[in-house]
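# Architecture and fold: a report
In case you want the letters, here they are:
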Amino acid sequence: MSSFVLIGLFDGVEPAAKAGHALRALPLAAENITSISGVPLPDGSVTWDPRPIRFSRYVVVFWFVGALAGLALALATYLLYPLITAGKAIISVPPTLIITYEVAMLFALLATLILGAREMGLLRFRARKVHEPRIHDGKIAVCAVVEPGEQEIRARRAMKTAGALEIRVEEGEL
Amino acid sequence: MSGENLLARTDEAQLYRDLSRSNLVTTWKWFAGAGILSLVLLWGIGVFVYMMMTGMGVTGLNRPVFWGILIVNFVFWIGLSHSGTLISAILRLTHATWRAPILRAAEAMTAFSLMVGGLFPLIHLGRNWRFYYTIPYPNERGLWPNMRSPLMWDAVAINTYLIGSLTFLYVGMIPDLALLRDKSEGWRRKLYSILSLGFRGTHAEWRRYHRASTLFAILIIPVAVSVHSIVSWDFAMAKVPGWHSTIFAPYFVVGAIFSGIAGVVLVMAVLRRVFRLERVLTPLHFDNLGKLLCMMSLIWGYFYFTEFLTVWYNRNPEEWEVFSSYGKSFLPVFLLMIMCNFVIPFPMLCMKKVRRSIPAISFASFLVVVGMYCERILIVTASLARRNDPFIWHNYFPTWVELSITAASFAMFGLLYMIFSKLFPIMAISDIKERLFHTTERAFGGASVEAIALVEEGEEEGSE
């Protein structure tokens, strides 16, 4: 039988942390547990995020791609549409530096937005994901992917012992 | 001592109502304000169409002053835009604990100032329908932008900064848009559902969101500095006395930050009053910005004195004529600039009482904005009016056409801000909640003090 998500709703960070730690001790893998909250929580306070954040290194790559694009734009302009001025070189270095720099920064900024959103898993409107709107009233939801049967019972018990206000089951992704 | 964080002891529903008042409640005053600003803007648009159809002769531009108040407005608005994103980015990177209520107002100011400022080169262009010549695209006439021109650098830099600032503003709003999505109904819910991109607030999302915000803050600072440097090079690259100066780039950046901080203070004071945000925008925030403003006044004074002293001492005739005109034809503008930028605000802002009084610091900030506008007038028009050949020297006065367009630019800025405040939270709700969440009260001897947990990225635990 396929697994589903068990969602426990907690009144504050302390009971949510107890539940998070208890679920890890069941044991459940860190990637199968997460918290949903209205404010960011330090890693390890309630749940752990085992996946490394990768998109920032690609931003650096896109900075260089942008620099090349800027350089190409400036150089192509000089060579395809030469502006012949007596005593001056066809290719002027200072404007090339400026255009290269600005286009590089533009690429890096856009890469941060697009790659960041992609790694956050945003923009996937069709995917069914678990959600808890009561986080905006100060609640914290602890979610765990569990197998039905023994694992579900133990996970429910762990959440209840930690002080869950409500425990429910939802189908979807974390 | 209480172990609970301040957020746990706050009525979150009330906090949401307070911080979202701008877009939850629409009063007749909002409609009246928006109506008046729309009328001024429409008048400005009408005048612009008239100028386009009649020709640039209806402006006060004439030989040798071919850059007038329209370019002054361009430099002024770009300068005003400078500080919003910069302040926000610096405060984010330095984890300034008082930053939360300032961020959104400052970032929005940057975006709208840029939108307004970016229009002025196009308005000033003459034969405006040919503005697309600045866009590099292959065409059969062999037309291509001249990358050697500083005006082309401007187009690239301002567009980069505009895209960057809008993205920075938008990314900062994503958690708040998710909050609005869950709290609203009807068309607003649909709008916020799309704009929040499906953000739910999971632990993994928050971690990546913070990394992206930090990265944006790091990237946007050099872009902000480069934009105003490039605006200064529009002038400094030309061999015009008073413009051709190596100090221009840092001097413009300093001036931009100076006027930008003053703009942020004014916007905050208006928002505080209009949306009754007294509990969020406290005198502490104005005090801290007042200290920055005071320091920038000093730095601006230093730069201006340095620039003036070198010309004063060497008396290069071409440059000296420009500077000595400040004491003749341009004396009222010069005096207004010195008084508003340094003589009055600096001593005022040295006093804590002034910095913590909202009307007083707003007045000082207003003076700075006026002073910086005068500075732009002197830079742009005085240098051209005393350019090289004395037989063509000519003073410039803007006509009603230029003044109408200038008034419309202020109306457009106000209107954009008003529309923004109706659709989006004008306060960074998530950042304010995060600040409360990280704050507890603890006993310190006999006193009770606020303790703030600083959570560094990559650390596993917050520490008090």
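Residues numbered from 1 in each chain as written. Chains lettered and ligands numbered in written order. Predicted model: local features only at pLDDT ≥ 70, side-chain atom pairs only at ≥ 80, totals over all residues. Heavy atoms only, no water.

Broken down by element type, chain A carries four helices and four strands. Taken from the N to the C terminus, the helices and strands of chain A come in the order β-α-β-α-α-β-α-β. Principal-axis analysis of the C-alpha atoms places the extent of chain A at approximately 85 × 35 × 25 Å. Taken over 174 residues, chain A has a buried fraction of 47%. In chain A, the proportion of contacts linking residues at least 24 apart, taken out of those at least 6 apart, comes to 82%. For chain A, the accessible area works out to roughly 8700 Å², and carbon and sulfur atoms hold 62% of it. Distance from the positive charge centre (18 side chains) to the negative charge centre (16 side chains) of chain A: 3 Å. (Helix = DSSP H or I, 4+ residues; strand = E, 2+ residues; numbered from the N terminus. Buried < 20%, exposed > 50% of the residue type's maximum accessible area, 1.4 Å probe, protein only. Contact = heavy atoms within 4.5 Å. Areas by Shrake-Rupley, 256 points an atom, 1.4 Å probe, with all protein chains shown as cover. Lys, Arg positive; Asp, Glu negative; His and termini not counted. Charge placed at Lys NZ, Arg CZ, Asp CG, Glu CD.)

This part is about the pairing of strand β1 (residues 4-10) of chain A. Residue and element names in this part refer to chain A. Most of β1 sits out of view: seven of its seven residues are buried. Pairing geometry for β1 and strand β3 (residues 140-146), over seven bridges, is antiparallel. For G8, the partnering residue across the bridge sits in β3 and is V142. Of the pairings in the sheet, the one linking β1 to strand β4 (residues 166-170) comprises five bridges and is antiparallel in character. Directly across from G8, in β4, lies its bridge partner I167. (Pairing = 2+ DSSP bridges.)

Turning to the packing of aromatic side chains, a few remarks are in order. Residue and element names in this part refer to chain B. For the structure shown, the criterion picks out 39 aromatic pairs over all chains. Ring centres 6.3 Å apart and planes at 40 degrees place the aromatic pair W43 and W400 in the tilted group. Here W43 is found in helix α3 (residues 28-54), whereas its partner W400 is found in helix α16 (residues 400-423), with 357 residues between them in sequence. Taking relative accessible area as the criterion, W400 reaches 47% and is therefore assigned partly exposed. When the centroid spacing of 5.0 Å and the interplanar angle of 75 degrees are considered together, the rings of F76 and Y373 count as edge-to-face. Of this pair, F76 sits in helix α4 (residues 69-93) while Y373 is found in helix α15 (residues 358-385), placing the two residues 297 residues apart along the sequence. The class for Y373 is buried, based on a relative accessible area of 14%. Here the basic side chain of K183 rests over the ring of Y16, its NZ or CZ set 5.2 Å away from the ring centre. Geometry around F252 places R376 over its ring, the cationic atom sitting 5.9 Å from the centre. (Phe/Tyr/Trp six-rings, centres within 6.5 Å; stacked < 30°, edge-to-face > 60°. Lys NZ or Arg CZ within 6 Å of the ring centre and 35° of its normal.)

The next point concerns the interface of chain A and chain B. Contact residues are listed per partner, giving 59 residues for chain A and 62 residues for chain B. For the pair chain A and chain B, the summed buried surface comes to about 5400 Å²; carbon and sulfur atoms form 68% of the total. Our count for the chain A to chain B interface comes out at four salt bridges. Note that D49 of chain A and R208 of chain B form a salt bridge whose closest N and O atoms lie 2.7 Å from each other. (Buried area = accessible area lost by both parts, 1.4 Å probe. Salt bridge = Lys/Arg side-chain N within 4 Å of Asp/Glu carboxyl O.)

Attention now goes to the packing of helix α2 (residues 55-80) of chain A against helix α3 (residues 93-120) of chain A. Residue and element names in this part refer to chain A. The contact between α2 and α3 brings their axes to 6 Å, and the two run at 145 degrees. In this structure, the crossing between α2 and α3 has a hand that is right-handed. Tallied by class, residues from the contact of α2 with α3 come to 21 nonpolar, six polar and one charged. (Axes fitted to C-alpha atoms, helices over the stretch in contact; angles between N-to-C directions. Left-handed = near helix turned anticlockwise from the far one by under 90°. Nonpolar A, V, L, I, M, F, W, Y, C, P; charged D, E, K, R; others polar.)

A separate point is the domain arrangement of chain A. Domain parsing of chain A yields domain 1 (4-51 + 127-170) and domain 2 (55-120). Here the C-alpha centroids of domain 1 of chain A and domain 2 of chain A sit 45 Å apart. (Domains from an automatic or database assignment.)

It is worth spelling out the sheet that holds β4 of chain A at this point. Residues and elements named next belong to chain A. Strand order in this open sheet of four strands is β2-β3-β1-β4, and the pairing throughout is antiparallel. Every other strand in the sheet has two partners, leaving β2 (33-36) and β4 as the edge strands with one partner each. Geometrically, the sheet is characterised by an average inter-axis angle of 25 degrees between neighbouring strands, direction not taken into account. The sheet contacts of helix α1 (residues 13-24) involve β1, β2 and β3, and relative to β3 the element is tilted by about 15 degrees. Of the strands in this sheet, β1, β3 and β4 are in contact with helix α4 (residues 150-162), which crosses β1 at around 10 degrees.

All names here are of chain B. Considered for burial, the residues of helix α1 (residues 12-19) that qualify are E12, L15, Y16, D18 and L19. Looking straight down α1, one finds that the buried residues subtend no more than 165 degrees of arc, so they occupy a single side. Against α2 (21-24), α6 (150-183) and α17 (429-437) lie the buried residues of α1. (Arc of directions from axis to C-beta.)

Residues and elements named next belong to chain B. Confidence in the prediction of chain B, expressed as mean pLDDT, is 89, and 97% of residues score 70 or more. Of all helices and strands in chain B, the one with the weakest mean pLDDT is α2 (78), whereas helix α13 (residues 345-350) scores best (96). Here residues 459-464 scores under 50 on pLDDT; set against residues more than four positions off or in separate chains, the count is 17 contacts. Here the prediction assigns the complex a pTM of 0.91, and the interface score ipTM is 0.94. (pLDDT = per-residue confidence, 0-100.)

Our focus in this paragraph is helix α11 (residues 317-325) of chain B. Every buried residue belonging to α11 of chain B is among E319, W320, V322, F323, S324 and S325 of chain B, and all of these are buried. Against the buried residues of α11 of chain B lie α10 (283-314), α12 (331-343) and α15 of chain B.

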